[in-house]
Amino acid sequence: IAHAGGGIGGRPYTNSAESMEEAIKNGFSMIELDLDMTSDGKIAAVHDWNYFRAITGNEKNGKPMSIEEYKSQKIYSKYTPVDAEQIKSIFEKNATAVLVTDKIKNFSEIVKNFPFPERLIAEVFSYADYDRAIKEGIIYPALNLNALGTIKPEQILKNNIRMATVSDVFLKKYPYEIELLHKSGVTIMLYAPTKIINRPEYLKALLGKKIRSE
């Protein structure tokens with residue numbers, strides 16, 4: 001999975017058009033984007049507005065930009081921010097690519113703007129949001145297990161969770177619980193800090209000892 005659109009030019013975290021195109025060109029089949037809403041109710045690819053303001057040379061005041069202001073920015077003076085229309089266009093041109101969304105809780109807007117439900121995974125952070133995502137048209141919500149505070153497989157399975165995300169820290173803390181979930185048919189997706197996730201030997205060690213690879 002290409003995190004935040006994928007790394008580009010030595011920058012691991014841009015959520016930019018160029019990073020998405022680069023990731024797809026390099027063979028990534030899944031592209032993760034952090035999404036949030038602009039001040040006028042449009043979808044924009046930002047981790048949070050303070051971070052976006054920082055990497056575009058603006059004052060960090062925490063306020064969302066309008067879609068017009070957002071689209072006029074340059075990330076690190078070089079890369080292009082993407083709105084919903086641009087994201088949709090990139091995925092329509094690459095018919096096998098899968099979009100993984102993070103942060104945004106407005107699932108009805110996700111469904112309305114990205115009309116390829118079979119190629120869309122939305123990360124959620126509670127059982128209630130998991131159920132709401134399904135009701136609002138998300139076929140593949142993925143529950144963040146870290147957000148639960150602890151991992152109780154029987155409760156997760158009782159809530160009919162079929163896909164989940166988990167950090168490398170939780171993977172080490174709850175290896176047996178996560179393996180049980182995996183054996184029970186729950187798809188587990190791992191995330192970790194960039195400096196860790198880019199170490200192939202680290203990932204191989206986790207796959208070999210903490211979680212089954214099939």
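To be clear, the structure that these remarks concern was listed above.
Remember, predicted model here, so these are calculated numbers, not experimental data.

A closer look at the packing of helix α1 (residues 17–25) against helix α4 (residues 84–93)
The description of two helices packed together rests on the angle between their axes and the distance between the axes.
For step 1, the next point in the chain: Running from N to C, α1 and α4 cross one another at 15°; their axes reach a closest spacing of 11 Å. One way to sum up the angle between α1 and α4 is to call them roughly parallel. Here α1 and α4 pass one another in a crossing that is right-handed. In this structure, α1 contributes A17, M20, E21 and I24 to the contact, and α4 contributes I87, I90, F91 and K93.
For step 2, the next point in the chain: Looking at the contact of α1 with α4 residue by residue, the classes come out as 6 nonpolar, no polar and 2 charged.

Regarding the pairing of strand β6 (residues 163–167)
For step 1, the next point in the chain: Within β6, 5 of the 5 residues are buried, leaving the element largely enclosed by the surrounding structure.
For step 2, the next point in the chain: Side chains M163, T165 and S167 of β6 all project onto a buried face; the interleaved residues A164 and V166 project onto the opposite face, where all are buried too.
For step 3, the next point in the chain: Summarising the sheet, strand β5 (residues 140–144) and β6 pair through 2 bridges and their orientation is parallel. Across the sheet, residue N144 finds its bridge partner in β6, namely T165.
For step 4, the next point in the chain: Handedness of the crossover joining β5 and β6 through helix α7 (residues 153–158) is recorded here as right-handed.
For step 5, the next point in the chain: Across 5 bridges, the pairing between β6 and strand β7 (residues 187–191) is parallel. Residue pairing across strands places M163 opposite T187, the latter belonging to β7.

A few points about the sheet that holds β6
For step 1, the next point in the chain: Taken in spatial order, the 7 strands make up an open sheet running β2-β1-β3-β4-β5-β6-β7, and their pairing is mixed. Strands at the two margins of the open sheet, each flanked by one partner only, are β2 (43–45) and β7. Ignoring which end each strand starts from, the neighbouring axes of this sheet average 35° apart.
For step 2, the next point in the chain: Here strand β4 (residues 120–124) runs beside β5; their pairing, made up of 4 bridges, is parallel. Of the residues in β5, the one forming a bridge with E123 is A142.

Some thoughts on the side chain of R53
For step 1, the next point in the chain: Take R53: it is sitting in helix α2 (residues 49–55).
For step 2, the next point in the chain: Among buried charged residues, R53 stands out as having no salt bridge; its nearest opposite-charge side chain is E69, 4.8 Å away.
For step 3, the next point in the chain: Polar contacts involving the side chain of R53 include one to the main-chain carbonyl oxygen of E59, which spans 3.5 Å.
For step 4, the next point in the chain: For R53, the residues in contact, after removing those within four places along its chain, are N58, E59, K60, N61, G62, K63, P64 and M65.

So, unusual backbone geometry
For step 1, the next point in the chain: Within the chain, N15 stands out as a residue other than glycine whose phi angle is a positive 50°.
For step 2, the next point in the chain: With respect to the helices and strands, the residue N15 is situated in the segment before α1.
For step 3, the next point in the chain: Unlike most non-glycine residues, Y76 shows phi in positive territory, near 50°.
For step 4, the next point in the chain: Position of Y76 relative to the elements: it lies in the loop between α3 (67–71) and α4.

A closer look at the environment of S89
For step 1, the next point in the chain: Take S89: it is sitting in helix α4.
For step 2, the next point in the chain: Once the C-alpha coordinates of S89 and K60 are considered, the two residues, 29 residues apart in sequence, prove to be 30 Å apart.

Quick word on the packing of aromatic side chains
For step 1, the next point in the chain: Applying the stated criterion across every chain yields a total of 7 aromatic pairs.
For step 2, the next point in the chain: Pairing W49 with F52 gives two aromatic rings, centres 5.8 Å apart and planes at 85°, and the pair type is edge-to-face. Taken together, the residues span about one helical turn, with W49 and F52 both in helix α2 at a distance of 3 residues.
For step 3, the next point in the chain: Overall, the relative accessible area of 4% leaves W49 in the buried class.
For step 4, the next point in the chain: Since its relative accessible area comes to 3%, F52 is described here as buried.
For step 5, the next point in the chain: Judged by centre distance (5.5 Å) and plane angle (20°), the rings of F91 and F116 are stacked.

What counts and how
- Residues numbered from 1 in each chain as written.
- Predicted model: local features only at pLDDT ≥ 70, side-chain atom pairs only at ≥ 80, totals over all residues.
- Heavy atoms only, no water.
- Axes fitted to C-alpha atoms, helices over the stretch in contact; angles between N-to-C directions.
- Helix = DSSP H or I, 4+ residues; strand = E, 2+ residues; numbered from the N terminus.
- Parallel < 35°, antiparallel > 145°, perpendicular 65-115°, else oblique.
- Left-handed = near helix turned anticlockwise from the far one by under 90°.
- Contact = heavy atoms within 4.5 Å.
- Nonpolar A, V, L, I, M, F, W, Y, C, P; charged D, E, K, R; others polar.
- Buried < 20%, exposed > 50% of the residue type's maximum accessible area, 1.4 Å probe, protein only.
- Pairing = 2+ DSSP bridges.
- Right-handed = clockwise from strand over helix to strand, strands pointing away.
- Lys, Arg positive; Asp, Glu negative; His and termini not counted.
- Salt bridge = Lys/Arg side-chain N within 4 Å of Asp/Glu carboxyl O.
- Polar contact = N/O pair within 3.5 Å; in protein donor to acceptor, adjacent residues only side chain to side chain.
- Phe/Tyr/Trp six-rings, centres within 6.5 Å; stacked < 30°, edge-to-face > 60°.

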